[in-house]
Amino acid sequence: MIRLLIGLLTGVVAGVHIATWGMYKDSPHEGFTWARYSRGIILGAVIGVVAVPATGLDPTRAASLVVLFGVVYAGERAVEEFYKTFLREEDQSKYTIPMQFHVLGRVVQSRALRWSVAAGVLAVASLLVWAVVALQRSPWADSLIVAAGVGTLASWVSAVGGAWKDAPIEGFETLKFFRSPGIALVYALLLTRMTDSLLLLAFAAAGYTVATIETYKTFFFPHKPRGKFSDKPVLFPVMLRRRRAFVPVYAAIWTLMIAGFAAGLLAAD
């Protein structure tokens, strides 16, 4: 029960982190509601509880807790983005870049077609997971090169998906495309000292990569509209001020994340 409770708290903290940068960048354009803000927190909590028995991680150990946080972070992002891309029905006119599945900027209206593509995406994801699990049993599983490659796998998938969504509208940016895998490589090399599982390594590195990139884009350029709202007006200017109240909590979570990494690396020595 202690481990499940830690998993729950880990998911809540990851969810607050995600919900905060999401709110900070979007609320001036679409307003703020506690229901929307809480969505990622609740999803993170559920994933945190499920992830503890599913991964076999012992979150009472610093290194395992660091890995668990990254895995939960990546899991929350994967589930929510999958839902928004393929399952959610929403008016896309409020976006510059559609959030729903589209081809060259044209939203696919057919629910059957979207669900078919979603099934294909799940099949490919399952195949990749199977391949990583199979690689874990091979003689090369302990190779640092293999770990580095697998550690960036989820981020390569994210980069391809992001290019598919954004490039037809705002153009292809080479640096942006390679940014996620590059940062994931750094995290993967650090996380190899905390887990021997290639699959957990891939998810955890992707989670921390998303957290890093979104922090950079959101808080280092707070007045630059995100791509999906790039030519849309600020409809809720009051949120430009109110959103600042969430920054201390966000910074506190980053402090915990950095401290966790330090503790995990020290424990691994």
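Everything below is about the structure printed above this text.
Owing to the predicted nature of the structure, the values given are computational and were not obtained by experimental measurement.

Trainee: How should the overall build of the protein chain be read in this particular structure?
Mentor: Looking only at helices and strands, one finds 10 helices and 2 strands in the protein chain. Walking the protein chain from its N terminus toward its C terminus, one meets helices and strands in the order α-α-α-β-β-α-α-α-α-α-α-α. Whereas a compact globule of 269 residues would reach a radius of gyration of roughly 18 Å, the protein chain reaches 19 Å, a difference of no more than 12%. Judged by the C-alpha coordinates and their principal axes, the protein chain covers about 50 × 40 × 35 Å. Carbon and sulfur atoms provide 70% of the accessible area of the protein chain, an area that totals close to 14,000 Å².

Trainee: Quick question: what am I supposed to make of the pattern of salt bridges here?
Mentor: Opposite charge on two side chains permits them to pair, given that their charged atoms come into close proximity. Scanning the entire structure with this criterion turns up 13 salt bridges. Here Lys94 and Glu30 are joined by a salt bridge, their closest N and O atoms 3.5 Å apart. One end of the pair, Lys94, is in the loop between α3 (62-87) and β1 (102-103); the other, Glu30, is in helix α1 (residues 2-30), with 64 residues separating them in the sequence. Taking relative accessible area as the criterion, Lys94 reaches 33% and is therefore assigned partly exposed. Using a relative accessible area of 18% as the deciding quantity, one classes Glu30 as buried. Of the charged contacts, one joins Glu214 and Lys217 as a salt bridge, the two residues approaching to 3.7 Å between their closest N and O atoms. Placement of the pair is Glu214 and Lys217 together in helix α8 (residues 198-219), with a separation of 3 residues, close to one helical turn.

Trainee: Any chance you could explain a nonpolar patch on the surface here in plain terms?
Mentor: Together, Met1, Leu4, Leu5, Leu8, Leu9 and Val49 make up an exposed nonpolar region whose accessible area comes to about 540 Å². Considering every element that reaches the nonpolar patch, the biggest residue donor is α1, with 4 residues. Structurally, the position occupied by Leu4 is in helix α1. Residue classification places Leu4 among the partly exposed residues on the basis of a relative accessible area of 32%.

Procedures and definitions
- Residues numbered from 1 in each chain as written.
- Predicted model: local features only at pLDDT ≥ 70, side-chain atom pairs only at ≥ 80, totals over all residues.
- Heavy atoms only, no water.
- Helix = DSSP H or I, 4+ residues; strand = E, 2+ residues; numbered from the N terminus.
- Rg over C-alpha atoms; globule rule 2.2 N^0.38 Å.
- Areas by Shrake-Rupley, 256 points an atom, 1.4 Å probe, with all protein chains shown as cover.
- Salt bridge = Lys/Arg side-chain N within 4 Å of Asp/Glu carboxyl O.
- Buried < 20%, exposed > 50% of the residue type's maximum accessible area, 1.4 Å probe, protein only.
- Patch = residues over 30% accessible without salt bridge, like charges linked within 9 Å, V, L, I, M, F, W, Y side chains within 5 Å.

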